[in-house]
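The residues making up each chain are set out below.
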Amino acid sequence: MTFKSDVVFEEIKERIQTDKEMVKKVGTSFRMTIAGADGATKVWTIDAKSDTPYVGDDGSRPVEIEISIKDSDFIAIAQGKLKPDQAFMQGKMKLKGNIAKAMKLRTILDPKMLKAKL
């Protein structure tokens, strides 16, 4: 099953390999569980903490923050139509872990950095 957010994660994967400043600024790891409209889920891991940054579907890697969100809400955040803190306050995004570190997700999902047309 493909999700609209797949293209965003592929872009993050590229950026995390080349943008060492972003990796240093983020310095944490996330597990994102994305829920599709049909109830299917997909798990992505973003590790900007290890020496070799990683973005992929390895759900067994240890992470500091776990996030659950609908694919459509994730896309709205990536497009800049929904702020991550608003999504959390509105119950659209569930979060486990350090909230201050979770806010670093904004750096990764900066709409100005997004090349993909969503």
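Residues numbered from 1 in each chain as written. Predicted model: local features only at pLDDT ≥ 70, side-chain atom pairs only at ≥ 80, totals over all residues. Heavy atoms only, no water.

Going by an unreviewed UniProt entry, the protein chain carries the name SCP2 domain-containing protein and comes from Caenorhabditis briggsae.

**Observations regarding the pattern of salt bridges**
Our working definition: The term salt bridge refers to a pairing of a side-chain nitrogen on Lys or Arg with a carboxyl oxygen on Asp or Glu at a separation within 4 Å. The buried label goes to any residue with under 20% of its type's maximum accessible area, the exposed label to any with over 50%, and the partly exposed label to all in between, with areas taken from a 1.4 Å probe on protein chains only.
Counted by the stated rule, this structure contains ten salt bridges. Residues Asp110 and Lys112 are paired through a salt bridge, measuring 3.6 Å at the closest nitrogen-oxygen approach. Accessibility expressed as a relative area gives 75% for Lys112, which makes it exposed. One network of salt bridges, in which partners are shared, links Lys49, Glu64 and Lys101.

**Observations regarding the pairing of strand β4 (residues 65–70)**
Put simply, the rule is: A run of DSSP states H or I qualifies as a helix once it reaches four residues; a run of E qualifies as a strand once it reaches two. Both are numbered from the N-terminal end. Whether two strands pair depends on DSSP finding at least two bridges between them.
Going residue by residue along β4, you find Ile65, Ile67 and Ile69 tucked away on one face and Glu66, Ser68 and Lys70 left uncovered on the opposite face. The pairing of strand β1 (residues 29–35) with β4 spans six bridges and is parallel. Bridge pairing links Met32 to Ile67 in β4. When β4 meets strand β5 (residues 93–97), the two strands line up antiparallel, connected through five bridges. Across the sheet, the residue bridging to Ile69 is Met93, located in β5.

**Some words on the packing of aromatic side chains**
Two descriptors summarise a pair of aromatic rings, namely the distance from one centre to the other and the angle between the planes of the rings. Heads up, the condition is: Working definition: a ring pair exists when centres of Phe, Tyr or Trp rings (six-membered ring for Trp) sit within 6.5 Å. Plane angles under 30 degrees give stacked, over 60 give edge-to-face, the rest tilted. For a ring to carry a charge above it, either NZ of a lysine or CZ of an arginine must fall within 6 Å of the ring centroid while also lying within 35 degrees of the normal to the ring plane.
Summed over all chains, the structure comprises two aromatic pairs. The interplanar angle of 5° and the centroid separation of 4.6 Å between the aromatic rings of Phe9 and Trp44 together place this pair among those described as stacked. In this pair, Phe9 sits in helix α1 (residues 6–18) while Trp44 sits in strand β2 (residues 41–47), placing the two residues 35 residues apart along the sequence. The burial state of Phe9 is the same as that of Trp44; both residues are buried. For the ring pair Phe9 and Phe74, a centre distance of 4.8 Å and an interplane angle of 10° mean the geometry is stacked. Linking Phe9 in helix α1 with Phe74 in helix α3 (residues 71–79), this pair joins segments that are 65 residues apart in sequence. Pairwise contacts between aromatic rings join Phe9, Trp44 and Phe74 into one cluster. Residue placement shows Arg61 over the ring face of Tyr54; its charged tip is 4.0 Å from the ring centre.

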